[in-house]
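Listed below are the residues making up each chain.
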Amino acid sequence: MRPLAASVLLLLSSTAPSLAQDGRLPGYRVAAEAAQREIEAKLRAIPDSDNLREYMKRLSARPHHVGSPYDRENAEWILSKFEEWGFEAEIETFDVLFPTPTARVVELLEPFKFTARLDEPVLAVDPTSDQKSEQLPTYNAYSRDGDVTAPLVYVNYGLPADYEQLERLGISVKGAIVIARYGMSWRGIKPKVAAEHGAVGCIIYSDPRDDGYFVDDVFPEGPMRPKDGVQRGSVLDAPLYPGDPLTPGVGATKDAHRFTVEEAPTLTKIPTLPISYGDAQPLLEALGGPVAPVEWRGALPITYHVGPGPAKVHLKVEANWDLKPVHNVIGRIPGAVYPDEWIIRGNHHDAWVNGAEDPISGMAVMLEEARALGALMKEGFRPDRTIVYCAWDGEEPMLLGSTEWAEAHAEELRRHAVAYVNSDGNGRGYLNMGGSHTLQTFINGVAREVTDPESEVSAFRREQLRRIARATTPEARDALRQGEDLPIAALGSGTDFSAFLDHLGVASLDLAYGGEDEGGIYHSIYDDFYWYTKFSDTDFVYGRALAQTVSTAVVRLANAEILPLDFRALAKTVKGYTNELKTLLEQRQAEIRERNRQIDEGLFAAMEDPRRPTVPPKKEEVPPYLNFAPMENAVGKLEQSAERYATALDAVLSSDSPLPEDRVRALNAKLKDSERKLTSPDGLPRRSWYKHLLYAPGVYTGYDVKTVPGVREAIEQKRYAEANDEIARVAKALEDEAALIDSAASDLESLGR
């Protein structure tokens, strides 16, 4: 859920004015705006920061990982609150594979003896850090069992480029245990790449340069990770598919066909464990071999060496491989006009330990939104569309609850789901907006309505000012000052929108405040009520702001007469992606030509460090020409269709005439499917679960998005024939999208006559 860099986002900004920029409500006739604004103003006045504090205190009071007693207790408590506030609510349970460790060992055998602690100490000032009997040990879920002894090699962040650097140094990890630092990619990528290069085990540690005293004071004096703090987390191969490893593509119900554990393709191929930087330092100190490149050096008070040896390490991981229940709490408010059109809102309730920041800071917000909607219902409010509130379980192991629910209800969701709105924790600072670019104008309009509690300007204005300050060109600054919509980030994965956007093609948003609160307690026992109320949104005013933001978005989507989609932002964004892909190819061609020239002239070897032996570099084939014309032509059609639709929509919404319900229903059915048109039933190459052709997590980035992934990753992975095929496939999807938009525009034009 990381936004794209502001400088990149600015380049994608649409230049055409939107209804939101003009102060209008997208999707509403002028005659209907006043009533909707009155509802939204009442709704935003209800959330209370004191309630958020109490929800967090209750939900994070004890560890509540998947399968734990307090996880079930929290689900039942959330259910009771939904029912108290007037929702039709139920708990829906799935049985999923969730291993927990029975043995964990990291020992340094040579050149001296050291046994890693693999435990986080109790802190006297932190009242919930002593709940040892209920805490999950420090481990990486879905690591294969294994017991290996081998030389140790330091691989920096453990990404493909790091192994290329090792190859240039003449160092192989085949038969070795690697140690990688957390960061720069999702943790599951590290054992995946290590296994691809022949490693037999993987250790992941938090370096203080990234997540400790180099950043700020450590907990409990400051917010950052202490010496013995450990980041738990899943290492499932989520870029292949998320959810239950044994039931890909179908809900993990009692009678579901399941893989065996041995057959499950998303488990790691090698044993993997996380450790603290306190445990990592002796291992790294014991390494010899070349001194690590400058950019590989962390902040431990040692000289970083790469190895291999003389360090020899014993790594052992064993787990029980049981099925555990996940308890999703689903609450509904039936729609009064369009009950078969669903606006879905979600946040997860499970945590690795107490999870005050992740996820309870977001779960508490969702509860306060539900209370606010309940208060409006007591006054007679009913949304036009059905609103579905979902408290997901099992997100932390890899989106288990949301994925299994979406897979089990896939056909219903394809028929009924209009939009999905997600959060996954909340902090203090700026509004981060990510999602489908058809909803870019819509969510900008919502951001203009919410007051930032620190600056007392709108959330939109505060984020706009931040982007102006960070803009790198006068043109970018001028565009922002003119009040245009702020481009939103494309979504990859790593939280519960994945099954909706990536798999089913449901237009989605992911929202949170943050950027002013540093945190080094992620997935540790110190992510608790004490830490959050001391170092994050201490007075819960940004929790209140998120409740105002999301509840406004949900009700505005639910009541819109015509679904508030703006296809101009989509067209502008995809045009930007097309240009990026062309530039990527050109850069690759230029880089390889230059490298080959240096090899031919003997310059490459001269630039290497003479103290460090290297393998002579080999020349590469220059990437061939790719035909981007199909995509460029399709983007041109999309731009024309988007402008036609915007003109027709403005004419209809500017009229005072009532809109015929049957024709509006048919129009909205088309618009609902607009995101589906950007998916392919065949999915992406070698990972068919991911259906969306514009957004997906990267094969080697994990959470972070790869836009137009079939084309982009084919270029990056040197599959150039595949890249040409994917260009054609994306172009066809864009043409289908343009045809749908033209059809919707035609419907609007007939309404306006």
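Here, the structure is the one placed above.
Cut-offs used in this document
Residues numbered from 1 in each chain as written. Predicted model: local features only at pLDDT ≥ 70, side-chain atom pairs only at ≥ 80, totals over all residues. Heavy atoms only, no water. Helix = DSSP H or I, 4+ residues; strand = E, 2+ residues; numbered from the N terminus. Rg over C-alpha atoms; globule rule 2.2 N^0.38 Å. Buried < 20%, exposed > 50% of the residue type's maximum accessible area, 1.4 Å probe, protein only. Contact = heavy atoms within 4.5 Å. Areas by Shrake-Rupley, 256 points an atom, 1.4 Å probe, with all protein chains shown as cover. Lys, Arg positive; Asp, Glu negative; His and termini not counted. Charge placed at Lys NZ, Arg CZ, Asp CG, Glu CD. Pairing = 2+ DSSP bridges. Axes fitted to C-alpha atoms, helices over the stretch in contact; angles between N-to-C directions. Parallel < 35°, antiparallel > 145°, perpendicular 65-115°, else oblique. Left-handed = near helix turned anticlockwise from the far one by under 90°. Nonpolar A, V, L, I, M, F, W, Y, C, P; charged D, E, K, R; others polar. Patch = residues over 30% accessible without salt bridge, like charges linked within 9 Å, V, L, I, M, F, W, Y side chains within 5 Å. Salt bridge = Lys/Arg side-chain N within 4 Å of Asp/Glu carboxyl O. Expected span 1.5 Å × (residues − 1). Arc of directions from axis to C-beta. 1 Å grid on protein atoms, 1.4 Å probe; cavity = no way out; pocket = protein on both sides within 12 Å on 5 of 7 lines; lining within 4 Å. Points joined across faces, edges and corners; volume = space filled by probe spheres on them. Polar contact = N/O pair within 3.5 Å; in protein donor to acceptor, adjacent residues only side chain to side chain.

Undergrad: Account for the overall build of the protein chain, naming residues and giving values.
TA: If you tally the helices and strands in the protein chain, you get 24 helices and 18 strands. Taken over the C-alpha trace, the protein chain has a radius of gyration of 26 Å; the compact-globule value for 753 residues is 27 Å, and the two agree within 12%. The burial tally for the protein chain puts 62% of its 753 residues in the buried class. Considering only residue pairs separated by 6 or more positions, the protein chain has 80% of its internal contacts joining residues 24 or more positions apart. Carbon and sulfur atoms form 50% of the exposed surface of the protein chain, whose accessible area is close to 26,600 Å². One finds the centroid of the 84 positive side-chain charges in the protein chain at a distance of 3 Å from the centroid of its 116 negative side-chain charges.

Undergrad: Help me get a handle on the pairing of strand S16 (residues 507-515), residues and values and all.
TA: Here S16 lies mainly inside the structure; eight of its nine residues are buried. Pairing geometry for strand S14 (residues 417-422) and S16, over four bridges, is parallel. Residue pairing in the sheet places Tyr-420 in a bridge with Ser-508 of S16. Direction of pairing for strand S15 (residues 429-435) relative to S16: antiparallel, over a ladder of seven bridges.

Undergrad: Tell me what's going on with the sheet that holds strand S9 (residues 272-275), and back it up with residues and numbers.
TA: Taken in spatial order, the seven strands make up an open sheet running S3-S2-S10-S5-S6-S7-S9, and their pairing is mixed. Edge positions in the sheet fall to strand S3 (114-115) and S9, since each of these pairs with one other strand and no more. Across three bridges, the pairing between strand S5 (residues 146-154) and strand S6 (residues 177-181) is parallel. Looking at the pairing, Tyr-154 lines up with Ile-179 of S6. Along the sheet, helix H6 (residues 189-196) contacts S6, strand S7 (201-205) and S9; its crossing angle with S7, the most-contacted strand, is approximately 150°.

Undergrad: So what's going on with the packing of helix H13 (residues 440-447) against helix H18 (residues 541-559)? Residues and values would help.
TA: With their axes 9 Å apart at the nearest point, H13 and H18 run at an angle of 130° to one another. With respect to their mutual orientation, H13 and H18 come out oblique. Where H13 crosses over H18, the handedness of that crossing is right-handed. Residues Phe-442, Ile-443, Gly-445 and Val-446 of H13 form the contact with H18, whose own contacting residues are Thr-549, Thr-552, Ala-553, Arg-556 and Leu-557. Of the residues assigned to the contact of H13 with H18, the class counts are five nonpolar, three polar and one charged.

Undergrad: Give a description of the environment of Ala-45 that names residues and reports values.
TA: With respect to the element layout, Ala-45 can be found in helix H2 (residues 30-45). For Ala-45, a relative accessible area of 55% gives the class exposed.

Undergrad: Let's hear about the pairing of strand S13 (residues 385-392): which residues, and what values?
TA: Burial analysis of S13 places eight of its eight residues in the buried class, which makes it a mostly covered element. By the bridge criterion, five bridges tie strand S11 (residues 323-333) to S13 in an arrangement that is antiparallel. Pairing of Gly-331 across the sheet is with Tyr-389, part of S13. Two elements, strand S12 (residues 338-348) and S13, share eight bridges in a ladder whose sense is parallel.

Undergrad: Outline a nonpolar patch on the surface, supporting the account with residue identities and numerical values.
TA: A surface patch of nonpolar side chains, about 280 Å² in accessible area, is lined by Tyr-213, Phe-214 and Val-215. On the basis of relative accessibility, which here comes to 35%, the residue Val-215 falls in the partly exposed class.

Undergrad: Break down the environment of Glu-221 for me, citing the residues and quoting the values.
TA: Tracing the sequence through the fold places Glu-221 in the loop between helix H7 (208-211) and strand S8 (233-234). In sequence terms Glu-221 and Asp-650 are 429 residues apart; their C-alpha atoms lie 56 Å from each other.

Undergrad: An account of helix H22 (residues 661-672) is requested, with residue identities and associated values reported.
TA: The end-to-end C-alpha separation of H22 is 16 Å, in line with the 16 Å expected for 12 residues at 1.5 Å each. Buried residues of H22: Val-664, Leu-667, Asn-668, Leu-671 and Lys-672, and no others. An end-on view of H22 places all buried positions within 140° of arc, on one side of the element.

Undergrad: Explain empty space enclosed by the protein residue by residue, including any values.
TA: All chains considered together, the criterion is met by four cavities of 30 Å³ or more. Roughly 90 Å³ of volume is contained in the largest cavity. Every residue lining the largest cavity is counted, 14 residues in all, and those nearest its centre are Val-418, Ala-507, Leu-563, Leu-565 and Leu-671. Looking at the lining of the largest cavity, the elements that each hand over two or more residues are S14 and H22. Contributing to the lining of the second largest cavity are 13 residues, with Tyr-139, Asn-140, Ser-143, Val-317 and Ala-319 lying nearest its centre. With three residues, strand S10 (residues 312-320) is the largest single contributor of residues to the lining of the second largest cavity. When its residues are assigned to classes, the lining of the second largest cavity shows nine nonpolar, three polar and one charged.

Undergrad: With reference to specific residues and values, describe the layout of surface pockets.
TA: Volume-wise, the second largest pocket comes out at about 1,500 Å³. Element by element, the count of residues in the lining of the second largest pocket is highest for helix H5 (residues 160-168), at six residues. For the lining of the second largest pocket, the class distribution of residues is 19 nonpolar, five polar and 19 charged.

Undergrad: Quick one: what's the story with the side chain of Arg-29, residue by residue and with numbers?
TA: Tracing the backbone shows Arg-29 in the loop between helix H1 (6-11) and H2. You can call Arg-29 buried: its relative accessible area is 11%. Within polar-contact distance, the side chain of Arg-29 engages the backbone oxygen of Ser-657 at 3.4 Å. Those residues in contact with Arg-29, other than ones at most four positions away along the chain, are Glu-561, Val-652, Leu-653, Ser-655, Asp-656, Ser-657, Pro-658 and Leu-659.

Undergrad: Quick rundown of the sheet that holds S12? Include the residues and the values.
TA: Across the sheet, which stays open at both edges, the seven strands sit in the order S1-S11-S13-S12-S14-S16-S15 with mixed pairing between neighbours. Only two strands of the sheet have a single partner each, and these edge strands are strand S1 (88-97) and S15. If you compare each strand with its neighbour and ignore which way they point, the axes differ by 20° on average. Contacting S15 and S16, helix H14 (residues 459-470) runs over the sheet at an angle of about 95° to S15.

Undergrad: Which residues make up the packing of helix H3 (residues 49-59) against helix H4 (residues 69-84), and what are the values?
TA: It is at 10 Å that the axes of H3 and H4 come closest, and there the two elements cross at 145°. Residues Tyr-55, Arg-58 and Leu-59 of H3 form the contact with H4, whose participating residues are Tyr-70, Glu-73, Asn-74, Trp-77 and Ile-78.

Undergrad: How would you sum up the pattern of salt bridges? Please name residues and give values.
TA: This structure, assessed with the given rule, holds 55 salt bridges. Between Arg-44 and Glu-40 there is a salt bridge, with the nearest N and O atoms lying 3.7 Å from each other. With Arg-44 and Glu-40 both in helix H2 and four residues apart, this pair spans about one turn of that helix. A single burial state applies to Arg-44 and to Glu-40, both of which are buried. Two residues, Asp-673 and Lys-672, come together in a salt bridge whose shortest N-O distance is 3.1 Å.

Undergrad: Could you give me a rundown of unusual backbone geometry, with the residues and numbers involved?
TA: With the exception of glycine, the majority of residues adopt a negative phi angle, and the majority of peptide bonds are in the trans configuration. Between Gly-307 and Pro-308 the backbone carries a cis peptide bond, its omega angle lying at 0°. By the element assignment, Pro-308 lies in the loop between helix H8 (277-285) and S10. Residues Asp-358 and Pro-359 are joined by a peptide bond in cis, for which omega reads 15°. Summarising the element assignment, Pro-359 is placed in helix H9 (residues 356-378). For His-523, which is not glycine, the phi dihedral falls at a positive 60°.

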